[in-house]
Amino acid sequence: MKRFKVDDSYENNVPHNILLKGEEYYDDERILDIWYKKKEITSYISGNEIYRVKLSIKNNKIDYCTCTCPYFIGNNGICKHIIAIIYYIKENTIPKLKE
């Protein structure tokens, strides 16, 4: 298990409604599975479908992130699923993937 630190600088680049929906997804416990391997965190989250979120944290900042949802794939930026995972990471320890 590992605790990751994430500063709040990402919030400046995310629309307020996405932050609120992400917080709602976190509060509704929509995260189905989450783990880390090396420096990458992978998770599955329930939305209209089940989406995969991957992100990396470097120097307490989001280094990169991806989501398989249409919003992210449409190049609209960070989605509510990624925000939900960030909120989860800030509050919980993350298990290491067993190899």
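Note that this is a predicted model, so its numbers are computed, not measured. (Residues numbered from 1 in each chain as written. Predicted model: local features only at pLDDT ≥ 70, side-chain atom pairs only at ≥ 80, totals over all residues. Heavy atoms only, no water.)

Enquirer: Run through the sheet that holds strand β3 (residues 50-58), naming residues and quoting values.
Expert: Overall, antiparallel pairing links the four strands, which are arranged β1-β2-β3-β4 in an open sheet. Taken across any chain shown, the strands that pair with only one partner, and hence form the sheet edges, are β1 (31-37) and β4 (61-67). Pairs of neighbouring strands in the sheet enclose a mean axial angle of 20 degrees, with direction left out of account. Alignment of β1 against strand β2 (residues 40-46), held across six bridges, turns out to be antiparallel. Each residue of the ladder has a partner; that of Ile34, found in β2, is Ser43. (Pairing = 2+ DSSP bridges. Helix = DSSP H or I, 4+ residues; strand = E, 2+ residues; numbered from the N terminus. Axes fitted to C-alpha atoms, helices over the stretch in contact; angles between N-to-C directions.)

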